[in-house]
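Now for the letters of each chain:
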Amino acid sequence: MNCKKARKFFESYISGDLNGPLADRFEDHLRHCVHCQRALKKERAFILNLKQGLVLKSPKFYPSFSWDRVQTFQGRKGFKKVAPSFALLVALCLGILLLLSPLSLDLIRGINSGNIENGSSEIVMKDAGFPNNPPSEEGLNYRIAFY
Amino acid sequence: MGKEYLLNKDEKHSEEFCQLVVLAQAGDKGAFIRIFEEVQESLYRTACVILENESDAYDALQDVALKAFKNLPQLREPRYFKTWVTRILINKCCAILRERKKLSFFGDMNMLQVNLRENSPFSIGVMEAVSRLSFPYRTVIVLRYLEGYSQKEIARILNCPLGTIKSRLNAALKKLKADLEGQGLWSPSEEEAYEL
């Protein structure tokens, strides 16, 4: 280890974060290098003064810190509060799926065709805008099939 | 009698503290207030030095408290609460500084100097020199020498490799030394240097 490399480890060594084989090599270098020993002393003195210079008193606002926003926070809901709305959503989706499913569509078509057979042809003809004189039976059957 | 602290001197959270964190994760606001109060002063000091403004630091702390409570269930290890909440604070400070840059606003070092424990020229000089550092260097100096985090803990807070933190610390110390020597506040002779 040379002096240039050793100086990179000054801070780690002073703060006690340098250990293992690297620490052994560093200490070995220090034993033989007077320049690095002096430089390490200066670095240690500087860091000590820096720590003393950075000390702050207790801040002024500190005692009046407001917990209102945390106390009134409602956002994080538990499962028990979320479950009913989730269940409603699921039921709604299932209902829509059921309505649009082929089975239900067949059922609706079946109901419609049953109504026509039962003689609601007048309603169909009026809705379709037929004149007062209805067409022949063949024509009616054609129109019913179309609808 | 002093306040009973849940945090040990070596900053490892006690069993009681971890239990309170778990309660807070379940939604207990009282437990959250208690654990946040343990770290509040440290967070406030950090924010003050990074933002150079007490009222901005106070606002940042309010936002951090709410965000920490909202996201607390995401914390997997209760013993890392302080490290985790410090990371939220650093990110918040970064956002505030970015916003300030747009508005060309600078911090108020005079307000901060009032709160120095020692009003010596060296302390004032140190604070001014720290304020002249860029955000990455200022953050590592504050976390290391004001709050006493180890290099590993700083790497965890800032989500950086350990090597990056070491090189930032070395570079920041070099800049600070040069700044203080320029101000005439630092130039130790061999006799003044402390013994190993």
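Check the entry above for the structure.
The written sequence of each chain sets the order in which its residues are numbered from 1. As a convention, the first chain written is A and the first ligand written is 1, with the rest following in written order. Totals for whole chains, interfaces and linings use all residues, but because this is a predicted model, local features are given only for residues with pLDDT of at least 70 and pairs of side-chain atoms are given and counted only at 80 or more. Computation of side-chain values covers all heavy atoms of the structure but excludes hydrogens and water.

Before going further, it helps to spend a moment on the overall build of chain B. Assigned secondary structure in chain B consists of nine helices and zero strands. The secondary structure listing takes helices from DSSP runs of H or I that are at least 4 residues long and strands from runs of E that are at least 2 residues long, numbered from the N terminus. Starting at the N terminus and walking to the C terminus, you meet the elements of chain B as α-α-α-α-α-α-α-α-α. Contacts between residues were defined by any pair of non-hydrogen atoms, one from each residue, lying within 4.5 Å. Counting contacts in chain B only where the partners sit at least 6 residues apart, residues at least 24 apart contribute 66% of the total. In the form shown here, chain B has an accessible surface area of approximately 9,800 Å², with 50% of it arising from carbon and sulfur atoms. Note on areas: Shrake-Rupley, 1.4 Å probe, and residue coverage restricted to the protein chains presented here.

This part is about the environment of Arg144(B). Looking at the secondary structure, you find Arg144(B) in helix α7 (residues 135-146). The buried label goes to any residue with under 20% of its type's maximum accessible area, the exposed label to any with over 50%, and the partly exposed label to all in between, with areas taken from a 1.4 Å probe on protein chains only. Here Arg144(B) falls in the buried class, since its relative accessible area comes to 8%. A C-alpha to C-alpha distance of 7.5 Å links Arg144(B) and Ile154(B), two positions 10 residues apart in sequence. Non-local contacts of Arg144(B), meaning those with residues more than four positions away in its chain, are made with Glu11(A), Ser15(A), Asp17(A), Tyr149(B), Ile154(B) and Leu169(B). A distance of 3.1 Å separates a polar side-chain atom of Arg144(B) from the backbone oxygen of Tyr149(B). N or O atoms within 3.5 Å of each other form a polar contact, as long as, within protein, one can give a hydrogen and the other can take it, and as long as residues adjacent in sequence are counted only when both atoms are side-chain atoms.

For this document, the term salt bridge refers to a Lys or Arg side-chain nitrogen within 4 Å of an Asp or Glu carboxyl oxygen. Under the criterion given, the structure shown has 10 salt bridges over all chains. Between Glu11(A) and Arg144(B) there is a salt bridge; the shortest N-O distance is 3.3 Å. Residue Glu11(A) is found in helix α2 (residues 10-14), and its partner Arg144(B) is found in helix α7; the two belong to separate chains. Overlapping salt bridges bring together Glu41(B), Arg45(B) and Glu147(B) as one network.

As a further point, take the state of the cysteines. Residues and elements named next belong to chain B. Pairs of cysteine sulfur atoms within 2.5 Å are what we label disulfides. Counting across every chain of the model gives zero disulfides over all chains. Free of any disulfide, Cys 93 has its nearest cysteine sulfur in Cys 94, 8.7 Å distant. According to the relative accessible area criterion, Cys 93 is buried, its value standing at 0%. We classify Cys 94 as partly exposed; its relative accessible area is 22%.

Here the focus is the packing of aromatic side chains. Put simply, two rings from Phe, Tyr or Trp (the six-membered ring, in Trp's case) pair if the centres are within 6.5 Å, and we call them stacked under 30 degrees between planes, edge-to-face over 60, tilted for the rest. If you walk through the whole model with that rule in mind, you get eight aromatic pairs over all chains. Here the aromatic rings of Phe81(B) and Trp84(B) are separated by 6.2 Å at their centres, their planes lie at 40°, and the arrangement is tilted. Of this pair, Phe81(B) and Trp84(B) both sit in helix α4 (residues 81-103), three residues apart, roughly one helical turn. For the pair shown, Phe81(B) and Trp84(B) are each scored as buried. Any Lys NZ or Arg CZ that is within 6 Å of a ring centre and within 35 degrees of that ring's normal is treated as a charge sitting over the ring. The ring of Phe46(A) has Lys177(B) lying over it, and the distance from NZ or CZ to the ring centre is 5.7 Å.

Distances and angles like these do not, on their own, reveal function.
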